[in-house]
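# Per-entry structural report
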Amino acid sequence: MYRLVRSVLFRFDAERSHRIALRTLRWLCAIPGVPLLLRLVYGVANPALKTHVMGIEFPNPVCLAAGLDKNADSVRALFALGFGGIELGTVTPEPQPGNPPKRLFRVTRHHALINRLGFPSVGIDAFLENLRRSGKPGPIGINVGKNRSTANENAVTDYVRSLRAVYAIADYVVINVSSPNTPQLRALQNRENLGALLLALKNEQVELGKTRSVFVPLAVKISPDLNDEQINDIADLILEHKLDAVIATNSTVERPGMEGELLAAEAGGLSGRPLKDRSTEVIRLLYRRLRGQVPIVGVGGIESADDAWEKMVAGADLIQVYTGFIYQGPALVRRICRGLLRRTRAAGCNTLEEAVAHARSGVRMMR
Ligand SMILES: Cc1cc2nc3c(=O)[nH]c(=O)nc-3n(C[C@H](O)[C@H](O)[C@H](O)COP(=O)(O)O)c2cc1C
């Protein structure tokens, strides 16, 4: 069925078809009974899939990655597709248009996307209005970034402002310092800049926790284009500043396995199948350095239960999908959940979390 829908959607420019698909889904979900029906078709309600990360209970570990619902205008519709959680954003403090079109490309042969959207955002105030209107049918992460016009020296101000604004409504907040499409953003990942940013945000989190009497975890999202030393440095900062999670990874500026592909020359972040192995490698490196003390959210090129399992055994406690969802359609969540349940049963475990822990210890013993 989705093949048919996809063949129609893929006739349009990529960004336009994303818009059409989301608008259609929102429209369908406004019809009474449809969200419930979609949940029955696409959701997998099984207690064995419950996943606990950052003190939050996710009904299943398959979440939507940041970037698809940047403005929080399709929250209910997306939850109806069975996601265990949704990460909204990236939202910037002030509204901004992002880069000029054309800025999103499908590389169909490789099941990949290249985007240079550059944080188009309605801004934090309109974003929060949208989210308040939709309510929260499940766990919601809010991914925050700085405005393009904000110099890196002042970036802390943007992130602190956003953290304050979303604190009351987010289940967790993500500091995005890894998008390749905002000039110099990724320089915020270097030791000195990231140290200052994490210190300021952790202090703010403590203050907000006191005044609002609620603890909202803070995660940082990193790039796949870092070398091993940089990854270890970031892991050490995460431990030093007691971050609550790390998300690995954002899209890549590399073009692995895409020799001879004309679209590879388009500037922007590559996501999907060609990113899969690199993002798993980053998760593995992080897991080794963090020694299980900080949860890892794994994202990059997941399009099957096997891909999800591979990331979980490498160290991911929760997974996210974006490009795979565009290519495989809404049944992807159900397919991954069912595959993970099969793995759980095959391992003789009662829960997926047990099965993953078991598989990781097996990997350690083999080393
Ligand atoms: C069109 C597009 C827009 C994205 N926008 C964001 C964003 O605003 N913030 C962010 O942190 N990641 C963004 N991402 C990155 C994804 O969240 C994800 O980290 C990356 O695509 C790898 O996962 P995937 O291979 O499943 O797509 C975007 C990805 C795509 C394809």
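Residue positions within a chain follow its written sequence, with the count starting from 1. This being a predicted model, a pLDDT of at least 70 is required before a residue's local features are given, and a value of 80 or more before pairs of side-chain atoms are given or counted; all residues contribute to the totals for chains, interfaces and linings. Excluded from the side-chain calculation are hydrogens and water; included are all heavy atoms of the structure.

### Concerning the site of the ligand
- Each residue is tested against the molecule or strand, and it is near if at least one of its non-hydrogen atoms lies within 4 Å. Among the 24 residues in the neighbourhood of the ligand, the closest are listed as Ala-66, Lys-70, Thr-90, Gly-301 and Thr-323.
- Polar contacts here mean pairs of N or O atoms no more than 3.5 Å apart (in protein, one a potential hydrogen donor and the other a potential acceptor; neighbouring residues in sequence count only if both atoms are side-chain atoms). Within the side chain of Lys-221, a nitrogen or oxygen atom sits 2.8 Å from an oxygen atom of the ligand.
- One nitrogen or oxygen atom from the side chain of Thr-323 is found 2.5 Å from an oxygen atom belonging to the ligand.
- Exposure was quantified through the Shrake-Rupley algorithm and a 1.4 Å probe, taking into account, for residues, occlusion by the shown protein chains and nothing else. Within the complex, the protein chains bury 98% of what would otherwise be the 600 Å² of accessible surface of the ligand.
- Where the shell around the ligand is concerned, the elements lending two or more residues are strand E4 (85-91), strand E6 (112-115) and strand E11 (269-272).
- Residue classes follow a fixed rule: Ala, Val, Leu, Ile, Met, Phe, Trp, Tyr, Cys and Pro count as nonpolar, while Asp, Glu, Lys and Arg count as charged, and any other residue, Gly among them, counts as polar. By residue class, the composition of the shell around the ligand is 9 nonpolar, 13 polar and 2 charged. A helix here means a DSSP run of H or I that spans at least four residues, while a strand means a run of E at least two residues long, and both kinds are numbered starting from the N terminus.

### Re helix H9 (residues 276-290)
- For H9, spanning 15 residues, the distance from its first C-alpha to its last is 21 Å, which sits close to the expected 21 Å at 1.5 Å a residue.
- Under the scheme applied here, a residue whose accessible area is under 20% of the maximum for its type counts as buried, over 50% as exposed, and between as partly exposed, the area being computed with a 1.4 Å probe on protein chains only. Regarding H9, the residues found buried are Lys-276, Ser-279, Thr-280, Val-282, Ile-283, Leu-285, Leu-286 and Leu-290.
- One or two steps after H9, the chain reaches Arg-291, where phi turns positive at roughly 50°. Take the number of residues in a helix, subtract one, and multiply by 1.5 Å to get its expected span.

### Concerning the sheet that holds E6
- In this analysis, strands are considered paired if DSSP registers two or more bridges between them. Spatially, the 3 strands line up as an open sheet ordered E5-E6-E11, and their pairing is antiparallel. Both edges of this open sheet fall to strand E5 (104-107) and E11, since each of them pairs with a single strand only. Taken over all neighbouring pairs, the strand axes of this sheet differ in orientation by 20° on average, direction set aside. Each axis is a line fitted through C-alpha atoms, and for a helix only the stretch in contact is used; angles between axes span 0 to 180 degrees, taken between their N-to-C directions.

### Thoughts on unusual backbone geometry
- Residue Thr-90 is bonded to the preceding Gly-89 through a cis peptide linkage, with omega at 10°.
- Counting through the fold element by element, Thr-90 comes out in strand E4.
- Following Pro-101, the chain continues into Lys-102 via a peptide bond in cis, with omega recorded as 0°.
- With respect to the helices and strands, Lys-102 occurs in the loop between E4 and E5.
- Phi is positive for Gln-184, which is not a glycine, with a value near 70°.
- Relative to the helices and strands, Gln-184 resides in the loop between strand E8 (172-176) and helix H7 (191-212).
- One non-glycine residue, Ser-213, adopts positive backbone phi at about 55°.
- With respect to the helices, strands and loops of the structure, Ser-213 is situated in the loop between H7 and strand E9 (218-222).

### Considering the sheet that holds strand E7 (residues 140-144)
- If you walk around this closed barrel you meet the 8 strands as E3-E4-E7-E8-E9-E10-E12-E13, and the pairing is parallel. In this sheet, adjacent strand axes meet at a mean angle of 25° when their direction is disregarded.

### Some thoughts on the packing of H7 against helix H8 (residues 228-240)
- Their axes nearest at 10 Å, the elements H7 and H8 cross at an angle of 20°. By the criterion of interaxial angle, the relationship of H7 to H8 is roughly parallel. Between H7 and H8 lies a crossing whose hand is right-handed. Residues Arg-191, Leu-194, Gly-195 and Leu-198 of H7 lie in contact with H8, whose contacting residues are Asp-233, Ile-234, Asp-236 and Leu-237.
- Across the contact of H7 with H8, the residue classes break down as 4 nonpolar, 1 polar and 3 charged. Convention used here: angles under 35 degrees read as roughly parallel, angles over 145 as roughly antiparallel, angles from 65 to 115 as roughly perpendicular, and any remaining angle as oblique. In a left-handed crossing the near helix is turned counterclockwise from the far helix by less than a right angle, and in a right-handed crossing that turn is clockwise. A contact between two residues is defined here by any heavy atoms of the two lying within 4.5 Å.

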